[in-house]
Amino acid sequence: MEMNDKKLQVSAIKDGTVIDHIPANNLFKVINILNLDKVETQMTFGSNFESKKLGLKAIIKLSDVFFENDDINKIALVAPEAKLNIIKDYNVVEKKIVEVPDSINGIAKCMNPKCITNHEGIVTRFTVVSKKDVAIKCHYCEKITDAEHMEIS
Amino acid sequence: MENKHLISITDYTKEEIFKILDLAEDFEKNPNQNLLNNKVVATLFFEPSTRTRLSFESAISRLGGKYIGFTDASSSSVSKGESVKDTIMTVANYSDMIVMRHPIEGSARWASEVSRVPIVNAGDGANQHPTQTMLDLYSIRKTQGTLDNLNVCFVGDLKYGRTVHSLLQAMAMFNTSYNFVSPKELRIPDEYKLFLDRKVLKYEEHRELDEIIADADIIYMTRIQRERFSDPMEYEKTKNAYVLKNEMLKDTKENMKVLHPLPRVNEIHTNVDENHKAYYFTQALNGVYTRQAIITYILGLK
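Residues numbered from 1 in each chain as written. Chains lettered and ligands numbered in written order. Predicted model: local features only at pLDDT ≥ 70, side-chain atom pairs only at ≥ 80, totals over all residues.

Let's talk about the overall build of chain B
Of the regular secondary structure elements, chain B holds 9 helices and 9 strands. In terms of overall dimensions, chain B is globule-like: its C-alpha atoms have a radius of gyration of 19 Å, near the 19 Å expected for 302 residues. By principal-axis analysis of the C-alpha atoms, chain B measures approximately 55 × 45 × 40 Å. Split into buried and exposed, the 302 residues of chain B put 45% on the buried side. Taking as baseline every contact in chain B between residues at least 6 positions apart, the subset at least 24 positions apart corresponds to 75%. (Helix = DSSP H or I, 4+ residues; strand = E, 2+ residues; numbered from the N terminus. Rg over C-alpha atoms; globule rule 2.2 N^0.38 Å. Buried ≥ 20, exposed ≤ 12 C-beta atoms within 10 Å, placed from the backbone. Contact = placed C-beta atoms within 7 Å.)

With respect to helix 6 (residues 162-171) of chain B
Residue and element names in this part refer to chain B. Buried residues dominate helix 6, accounting for 8 of its 10 residues. If you check which residues of helix 6 are buried, you get Thr 163, Val 164, His 165, Ser 166, Leu 167, Leu 168, Ala 170 and Met 171. Where helix 6 is buried, its residues meet helix 5 (130-144), strand 5 (151-155), strand 6 (177-181), helix 7 (190-198) and strand 8 (218-221).

Some points on the interface of chain A and chain B
In this assembly, 14 residues from chain A lie in contact with 13 residues from chain B. Classifying every residue of the side of chain A that touches chain B by side-chain character gives 7 nonpolar, 4 polar and 3 charged. (Nonpolar A, V, L, I, M, F, W, Y, C, P; charged D, E, K, R; others polar.)

A look at the environment of B:Lys85
Along the chain, the position of B:Lys85 falls in helix 3 (residues 84-91). Taking the C-alpha atoms as reference points, B:Lys85 and B:Val243, 158 residues apart in sequence, are found 42 Å from one another. Filtering out sequence-adjacent residues up to four positions away, B:Lys85 remains in contact with A:Glu120 and B:Val114.

With respect to the pairing of strand 4 (residues 83-88) of chain A
Within a regular strand, side chains alternate between the sheet's two faces. Residues and elements named next belong to chain A. Here strand 1 (residues 16-23) runs beside strand 4; their pairing, made up of 5 bridges, is antiparallel. Looking across to strand 4, one finds that Gly 16 is bridged to Ile 87. Here strand 4 pairs with strand 5 (residues 91-97) via 6 bridges, running antiparallel. Note on strand 5: the bridge partner recorded for Ile 86 is Glu 94. (Pairing = 2+ DSSP bridges.)

Concerning the domain arrangement of chain B
All names here are of chain B. In terms of domains, chain B is made up of domain 1 (32-128) and domain 2 (131-284). Between domain 1 and domain 2, the C-alpha centre-to-centre distance is 29 Å. Taken together, the 6 residues of domain 1 in the interface contact 6 residues of domain 2. Grouping the constituent residues of the side of domain 1 that touches domain 2 by class yields 3 nonpolar, 2 polar and 1 charged. (Domains from an automatic or database assignment.)

Quick notes on helix 5 of chain B
Residues and elements named next belong to chain B. Here helix 5 is 15 residues long and its end C-alpha atoms lie 21 Å apart, about the 21 Å a rise of 1.5 Å per residue gives. The element helix 5 is extensively covered by neighbouring structure, given that 12 of its 15 residues are classed as buried. Those residues of helix 5 not exposed but buried are Pro 130, Thr 131, Gln 132, Thr 133, Met 134, Leu 135, Asp 136, Leu 137, Tyr 138, Ser 139, Ile 140 and Arg 141. Buried residues belonging to helix 5 abut helix 1 (14-29), strand 4 (119-124), helix 6, strand 8, strand 9 (257-259) and helix 9 (280-298). Positive backbone phi, approximately 80°, marks Gly 145, located one or two places after helix 5. (Expected span 1.5 Å × (residues − 1).)

A few points about the sheet that holds strand 5 of chain B
Residues and elements named next belong to chain B. Taken in spatial order, the 5 strands make up an open sheet running 7-6-5-8-9, and their pairing is parallel. At either end of the open sheet lies a strand with only one pairing partner, and these are strand 7 (203-206) and strand 9. Put simply, the sheet's adjacent strands are angled 20° from each other on average, direction ignored. Of the strand pairs in this sheet, strand 6 and strand 7 are connected by 4 bridges, and their pairing is parallel. The partner of Val 181 across the bridge, within strand 7, is His 206. (Axes fitted to C-alpha atoms, helices over the stretch in contact; angles between N-to-C directions.)

Observations concerning the sheet that holds strand 3 (residues 55-63) of chain A
All names here are of chain A. If you walk across this open sheet you meet the 5 strands as 2-3-1-4-5, and the pairing is antiparallel. The open sheet terminates on both sides in strands that have one partner only, identified here as strand 2 (43-51) and strand 5. The mean inter-strand angle of the sheet, taken between neighbouring strand axes irrespective of direction, is 20°.

Section: the packing of helix 3 of chain B against helix 4 (residues 107-114) of chain B
All names here are of chain B. Between helix 3 and helix 4, the shortest axis-to-axis distance is 9 Å and the interhelical angle comes to 50°. By the angle class used here, helix 3 and helix 4 are oblique. As helix 3 packs across helix 4, the resulting crossing turns out to be right-handed. Contact with helix 3, carried on its side by Val 84, Lys 85, Ile 88 and Met 89, involves Ser 107, Trp 110, Ala 111 and Val 114 of helix 4 and no other residues of that element. Class assignment for the residues of the contact of helix 3 with helix 4 results in 6 nonpolar, 1 polar and 1 charged. (Parallel < 35°, antiparallel > 145°, perpendicular 65-115°, else oblique. Left-handed = near helix turned anticlockwise from the far one by under 90°.)

Topic: the nonpolar core
Counting residues in hydrophobic clusters, the biggest one holds 115 residues, and the most contacted among them are A:Ile75, B:Ile98, B:Cys153, B:Phe154, B:Ile219 and B:Tyr220. With 6 residues, the single largest contributor to this core is helix 1 of chain B. (Core = buried A, V, L, I, M, F, W, Y, C linked by C-beta atoms within 7 Å.)

Comments concerning the domain arrangement of chain A
All names here are of chain A. Partitioning chain A into domains gives domain 1 (14-97) and domain 2 (103-152). Between domain 1 and domain 2, the C-alpha centre-to-centre distance is 24 Å. Listed by partner, the interface residues are 5 residues for domain 1 and 6 residues for domain 2. Among the residues forming the side of domain 1 that touches domain 2, the class breakdown is 3 nonpolar, no polar and 2 charged.

Details of unusual backbone geometry
A cis geometry characterises the amide bond from B:Leu262 onward to B:Pro263, with omega recorded as 5°. Secondary-structure assignment places B:Pro263 in the loop between strand 9 and helix 9. At A:His21, a position not held by glycine, the phi torsion is positive, near 60°. Assignment of secondary structure puts A:His21 in strand 1. One non-glycine residue, B:Asn38, adopts positive backbone phi at about 65°. Note on placement: B:Asn38 falls in the loop between helix 1 and strand 1 (40-45). Residue classification places B:Asn38 among the exposed residues on the basis of 9 C-beta atoms within 10 Å.

The structure is reproduced here in structure tokens:
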């Protein structure tokens, strides 16, 4: 078993996924987006670790959980630098980075107060019009929500 | 079969738009055709818009159809708090097509996802008003003989004017060059400039109306509303700078036409009305033919 990051080694997992480099203040958003409150296997998470890149970062370790790319990419909106380590038999067998997806359903809120999605119980739908500085276009009102105004639930 | 709707002008291809313009031409020659016999069209105006409603009702009547509906939300169950979804699902039971105007943006798209009959968007807040765009395109093609390579000058409130936004998007299919003339506070929003940049189309922004109208094939006037200004002094200072007067048309191109989505307040002086370059009232008449074309196209009757 490798101990390449002694400070963060909360408890090693045999098989599963480690999500690293989550901005500390968005840890619970990531948990919500991935529905981790429903996970029934062992989960460990820690927050406010020092990170050169992010200032303070958080990390989540999930036993026996593996994500589809489409699912994991949803967290790119709140954790664009996140890195995934896929663990099999205590070894990192694959590393992944998240990518902003082409469309986003459900998790973001349209910033237009006059949009129908803010008036009736509708699952929001967006197409991503810019991936670098993330900007998303509402399928309903056709207005653009930029990163600065993006609310993720 | 999936329903055909008209929610946003950008949902339609160039071919579909041409098909509708050709049908409208046919209705102009022969406006009374009993194609909607035994059909019921619902006209749901969640906010009042007399002009658009009358135009639709005229189109339906000339097609021999019946219409049902309401003219503002206070006279309907909406005032009791009914959702758009419930209203649409109910009215879809009573009609073959729903024409709707609603102040909330995206409401027409949402309606099209819950309705079992086709939806025609007659305006959803500041978002889209595609039947207006279609009649604007019809008027431009009719007066210029083509939609290609024209110079279109948009004047007035370019920030909030949805007819401007939809028409500029639609005209982007035809290698248009654009001039935007507006007060500083009502400039064309950046997202539309980015849209034109991506399409590599030429546009210029101006403060003064007489600077560039000599180049225009179409001058598209819009109303400047006092409530759009944060500073009322600014409104008083600028309002007269964007009024089109007859003498200003002297050096404009012979083929040039003045369009306006109406209602006009004072942005086109009444002395323009008699000029053969004034086209806004005929443009409103074209709205009936265009809406006849849209209704029959969507219902598959033409």
